[in-house]
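# Geometric and topological summary
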Amino acid sequence: MTALRAPDTGEEAGADPLSKTSLDPREDAMTATEQDAPGPELIADGVDKEIYASNQRIPVGMTHLIVAGLCVAYTAFHVGVMNLYPLEPWVYRLIHVGGGLALAFILFSSGIFNADQTDGRPGMARGSYLTLMAPGAALVSLAFLKVVSIYLVGGGADAAAAKDAILWSFGYPLVAGTVWLMVMGWFLPGRDRARIDLADAFLAVAAVTVALYIIYHAPFLRLRAGTGLAKDADMFASLAGVILILEVTRRLAGLALVIIASVFVLYSFVGPWLPGILEHRGYSMSRFFTYIYTDQGILGPTTAISSTYIILFVVFAAFLQASRVGEYFVNFAFAAAGGARGGPAKVAVFGSGLMGMINGTSAGNVVATGSLTIPLMKRVGYKPQTAAAVEAAASSGGQILPPIMGAGAFIMSEITGIAYSEIVIAAIIPAVLYFMSVYFNVDLYAQKFGMKGLPRSELPQFRKLAKQVYLFLPIIILISALFMGYSVIRAGTLAMASAAVVSWLTPYKMGPKEVLYAFEIATKMTLQLVAVCAAAGVIVGVIALTGIGTRFSSLLLGLADQNQGVALFFAMVVSIVLGMGMPTTAAYAVAASVIAPGLIQMGIQPLTAHFFIFYFAVMSAITPPVALAAYAGAAIAQSDPMKTSVESFKMGLAAFVVPFMFFTSPALLMQGEIGEILHVFISAAFGIYLLSSTVQGWFFGPLSLPLRGVLMIAALGMIAGGWLTDGIGLAAAVLVWAVQKRFVRPETVARGRD
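None of these values were measured; they are calculated from a predicted model.

### Some words on the packing of aromatic side chains
Each aromatic ring pair is specified by the distance between its two centres and by the angle formed by the two planes. Going through the model one piece at a time under the given rule, you end up with 32 aromatic pairs. When the centroid spacing of 5.3 Å and the interplanar angle of 80° are considered together, the rings of Phe 332 and Phe 472 count as edge-to-face. With Phe 332 in helix α11 (residues 325-337) and Phe 472 in the loop between α17 (462-466) and α18 (473-483), this residue pair connects regions lying 140 residues apart in the sequence. The two residues Phe 332 and Phe 472 agree in class, both being buried. With a centroid separation of 4.7 Å and an interplanar angle of 55°, the aromatic rings of Phe 649 and Phe 656 are classed as tilted. Residue class for Phe 649 comes out partly exposed when judged on its relative accessible area of 28%. Of the residues examined, Phe 656 reaches a relative accessible area of 10% and is grouped as buried. Connected via pairs of aromatic rings, a cluster forms that spans Phe 612, Phe 616, Phe 649, Phe 656, Phe 660 and Phe 663. Stacked on the ring of Tyr 508, the Lys or Arg Arg 324 has its end atom at 4.3 Å from the ring centre.

Encoded structure:
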């Protein structure tokens with residue numbers, strides 16, 4: 001799914017007519033001086049603007065106010081529940097999922113909007129469309145009214161009701177109407193970006209209907225879901241809910257996750273006919289769908305995380321965006337590194353990593369910051385695919401950068417029960433090594449081709465930006481609060497409030513209007529993660545119901561009896577494959593359900609096992625052939641997607657090596673004595689430099705192929721972290737250096753072997 005920036009207010013030729021309507025109140029705060037200022041002060045101007053997906057609607061007028069109000073209410077509800085008035089978990093999560101699905105149908109069309117198609121449905125009169133839509137709308141309305149009547153006068157599918165109670169007034173109409181409207185959206189999507197499609201509006205009603213039904217019947221469903229006592233209406237409500245989740249996931253995250261989830265759903269029914277470890281007894285539709293829509297599946301750990309930690313830190317990111325603090329981060333990076341050789345690429349490493357940490361999606365961050373950094377990288381001499389690859393690697397690395405880690409740290413804490421602070425501390429060295437790898441690759445590439453940075457006259461002045469260093473306070477307060485023992489929710493809320501407070505010291509003060517705008521964009525940023533986590537919950541539920549995770553663990557143990565290295569390699573491949581095409585949070589949650597139990601049974605510590613899985617799930621975003629972050633960068637750079645994904649894989653190669661060292665060198669995860677930790681870090685850092693030199697073919701000059709092989713051995717020896725391997729690696733590196741400096745000739749080394 002492609003994306004574009006919020007339209008500017010200028011009247012450029014061929015501009016979208018909606019571009020004259022600004023949705024960003026921050027523009028009111030800009031003085032005439034700032035608007036007329038030349039490039040240096042505004043080099044990162046626009047990096048914080050709202051980004052629109054190619055199928056996202058942009059309502060105007062009263063419609064915009066209503067939709068914006070719903071978005072604000074959705075975010076305010078979550079912040080209020082988390083901080084002021086806790087709700088029962090099922091009710092809270094059902095409102096989270098149901099409300100998110102409803103807003104997603106309102107905001108995102110089933111098809112992509114084209115600039116040359118602005119109204120109606122070509123070839124179909126509005127009356128004909130309404131006639132065709134009417135049956136689906138009527139059926140969904142009937143189901144909705146039945147649920148409303150249940151709340152008002154009772155008569156639902158309680159424990160005393162017949163098994164087929166309210167089937168004709170609720171179950172059949174809900175599923176039939178949902179499918180009817182969904183198929184209409186596939187074949188007859190609306191083309192007016194400013195108007196909400198009626199079919200999608202009724203799909204939003206269907207999502208609310210599912211949530212209302214399950215909330216009302218939750219006390220009964222806790223006992224009967226997934227058993228023979230489940231009512232038919234329970235099954236149809238859950239079936240409609242799963243269909244709606246997969247459709248929203250398709251619209252917001254593409255087909256990859258939908259296909260994977262659909263395969264898992266199919267697996268639940270065809271198990272009796274499958275061979276080997278895949279075989280299971282099979283399940284009826286009633287047992288399967290009612291089980292999936294409980295806290296064992298959709299309402300389980302993935303939605304628990306998306307409804308708390310993820311949405312909280314998305315709101316935090318929205319506050320940084322609304323106050324333009326995020327823009328300051330990028331400007332600061334330009335002032336610090338923009339003038340160095342290959343400067344824009346080094347800015348991407350720091351700026352995109354920092355923004356990616358709080359963004360939550362690698363591809364989304366590439367679009368946000370890459371539209372600025374990629375053209376500048378191309379300008380100083382980077383090839384288009386290399387510029388896109390650097391941005392993709394840096395943005396993906398943000399997902400492993402503490403303290404937020406794109407919400408990954410919170411999911412890991414929830415799944416493992418390990419304290420959040422312990423996870424964050426363990427993530428420090430691997431994250432530093434990863435960004436050192438990307439930085440070294442960028443620097444060596446610039447050396448190799450004799451690149452320079454941007455002229456200082458075009459860069460922000462570091463002295464001026466240093467005076468605004470207080471804008472880093474929200475991040476500092478977040479980290480400090482977490483390590484002072486505050487809960488994650490309290491720390492995130494304090495950081496959010498501090499982002500608003502520090503904005504009062506800038507021209508972009510956050511008043512009530514700006515806070516409401518931050519709440520609005522927070523909801524829009526959250527919707528993809530709501531759908532993705534719910535879809536991942538379907539997969540997690542299937543794994544729990546069928547027991548495939550346990551059998552897969554047994555397979556890993558069998559491999560480990562022969563060779564632990566083979567088992568780890570197999571686990572790596574599965575993590576990457578499961579993560580392809582999926583956002584980080586969903587990729588990790590699914591991979592952890594399948595692989596982690598087997599690794600832990602092999603005797604590996606839970607923290608080490610989960611970090612291993614998490615890193616490869618994250619790196620699936622830059623692993624060909626399905627590398628979402630690389631593809632997003634390629635679209636901006638106008639480069640070949642496959643070449644870009646291969647280049648991004650090379651840039652992030654360290655992340656494919658370091659996780660294997662977690663098992664031999666636990667000190668990489670801050671486990672051990674301080675001396676051991678320092679030794680492992682220093683040797684691994686040098687090894688990362690040697691690895692980057694091998695990838696770029698440059699080590700004090702061009703490297704021949706044999707010398708690259710020797711340097712690769714040296715790099716792996718240093719990363720391994722043992723004293724013996726360090727000695728071998730250091731000796732090999734010195735040998736290559738001597739050859740490169742002409743102190744030793746290659747033929748002399750060859751004769752010395754005789």
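Alright, that's what it looks like, and here's the rest.
### Side note on the nonpolar core
Membership of the largest hydrophobic core comes to 254 residues, with the highest contact counts inside it found for Tyr 293, Tyr 382, Ile 595, Leu 599 and Phe 611. When neighbours within four sequence positions are excluded, Tyr 382 is seen to be in contact with Gly 342, Ala 345, Met 377, Ala 387, Val 442, Tyr 445, Ala 446 and Met 451.

### A closer look at the environment of Arg 341
Mapping Arg 341 onto the fold places it in the loop between α11 and α12 (343-359). The sequence separation of Arg 341 and Leu 516 amounts to 175 residues, and the corresponding C-alpha distance is 42 Å. The contact partners of Arg 341, leaving out residues within four places of it in the chain, are Lys 346, Asp 443, Ala 446, Gln 447, Met 451, Lys 452 and Gly 453.

### Topic: unusual backbone geometry
Although it is not a glycine, Ile 166 adopts a positive phi angle of roughly 45°. Along the chain, Ile 166 falls in the loop between α4 (126-153) and α5 (167-187). On the accessibility criterion, Ile 166 (11% relative accessible area) is buried. You will see that Met 670, though not glycine, has its phi angle at about 65°, which is positive. By the secondary structure assignment, Met 670 is in the loop between α27 (654-664) and α28 (674-696). Its relative accessible area of 30% is what places Met 670 among the partly exposed residues.

### Description of the state of the cysteines
Applying the stated criterion to the full structure yields zero disulfides. Of the cysteine sulfurs around Cys 71, a residue in no disulfide, the closest is that of Cys 533, at 18 Å. Of the residues examined, Cys 533 reaches a relative accessible area of 2% and is grouped as buried.

### A short note on the pattern of salt bridges
Enumeration over the complete set of coordinates arrives at 12 salt bridges. Arg 341 is paired through a salt bridge with Asp 443; the nearest N and O atoms lie 2.8 Å apart. Taken as a pair, Arg 341 in the loop between α11 and α12 and Asp 443 in helix α16 (residues 420-448) lie far apart in primary sequence, 102 residues in all. The exposure class assigned to Arg 341 is partly exposed, which follows from its relative accessible area of 38%.

### What about helix α26 (residues 641-651)?
The complete set of buried residues in α26 reads Thr 644, Ser 645, Glu 647, Ser 648 and Met 651. Buried residues of α26, viewed axially, fall in a sector of 165°; they line one side. Residues of α26 that are buried make contact with α14 (384-397), α16, α25 (628-637) and α28.

### A short note on a nonpolar patch on the surface
A surface patch of nonpolar side chains, about 360 Å² in accessible area, is lined by Ile 425, Ile 428, Val 432, Ile 479 and Phe 483. Here the nonpolar patch gets three residues from one element, more than from any other, and that element is α16. For Val 432, a relative accessible area of 35% gives the class partly exposed.

### Focus on helix α10 (residues 301-322)
Taking 1.5 Å of rise per residue, the 22 residues of α10 would be expected to cover 32 Å, and the 30 Å separating its terminal C-alpha atoms lies within 8% of that figure. Of all the bends found along α10, the most pronounced is centred on Ser 307 and spans about 35°. By the criterion of burial, α10 is predominantly enclosed, with 21 of the 22 residues buried. Count one or two residues on from α10 and you reach Arg 324, which has phi positive near 65°.

### With respect to the packing of helix α3 (residues 89-107) against helix α7 (residues 232-253)
Two elements in contact, α3 and α7, have axes separated by 10 Å at closest approach and are oriented at 50°. By the criterion of interaxial angle, the relationship of α3 to α7 is oblique. For the crossing formed where α3 meets α7, the hand is left-handed. Note on element contacts: α7 touches α3 through Leu 244, Ile 245, Glu 247, Val 248, Arg 251 and Leu 252, opposite Val 97, Leu 101, Ala 104 and Phe 105. Taken together, the residues that form the contact of α3 with α7 break down as eight nonpolar, no polar and two charged.

### Remarks on the side chain of Thr 75
Structurally, Thr 75 is set in helix α2 (residues 61-83). Setting aside residues up to four positions removed in sequence, Thr 75 forms contacts with Val 315, Phe 519, Ala 522 and Thr 523.

Parameters at a glance
- Residues numbered from 1 in each chain as written.
- Predicted model: local features only at pLDDT ≥ 70, side-chain atom pairs only at ≥ 80, totals over all residues.
- Heavy atoms only, no water.
- Phe/Tyr/Trp six-rings, centres within 6.5 Å; stacked < 30°, edge-to-face > 60°.
- Helix = DSSP H or I, 4+ residues; strand = E, 2+ residues; numbered from the N terminus.
- Buried < 20%, exposed > 50% of the residue type's maximum accessible area, 1.4 Å probe, protein only.
- Lys NZ or Arg CZ within 6 Å of the ring centre and 35° of its normal.
- Core = buried A, V, L, I, M, F, W, Y, C linked by side-chain atoms within 4.5 Å.
- Contact = heavy atoms within 4.5 Å.
- Disulfide = S-S within 2.5 Å.
- Salt bridge = Lys/Arg side-chain N within 4 Å of Asp/Glu carboxyl O.
- Arc of directions from axis to C-beta.
- Patch = residues over 30% accessible without salt bridge, like charges linked within 9 Å, V, L, I, M, F, W, Y side chains within 5 Å.
- Areas by Shrake-Rupley, 256 points an atom, 1.4 Å probe, with all protein chains shown as cover.
- Expected span 1.5 Å × (residues − 1).
- Bend = angle between axes of the 7 residues up to and from the residue.
- Axes fitted to C-alpha atoms, helices over the stretch in contact; angles between N-to-C directions.
- Parallel < 35°, antiparallel > 145°, perpendicular 65-115°, else oblique.
- Left-handed = near helix turned anticlockwise from the far one by under 90°.
- Nonpolar A, V, L, I, M, F, W, Y, C, P; charged D, E, K, R; others polar.

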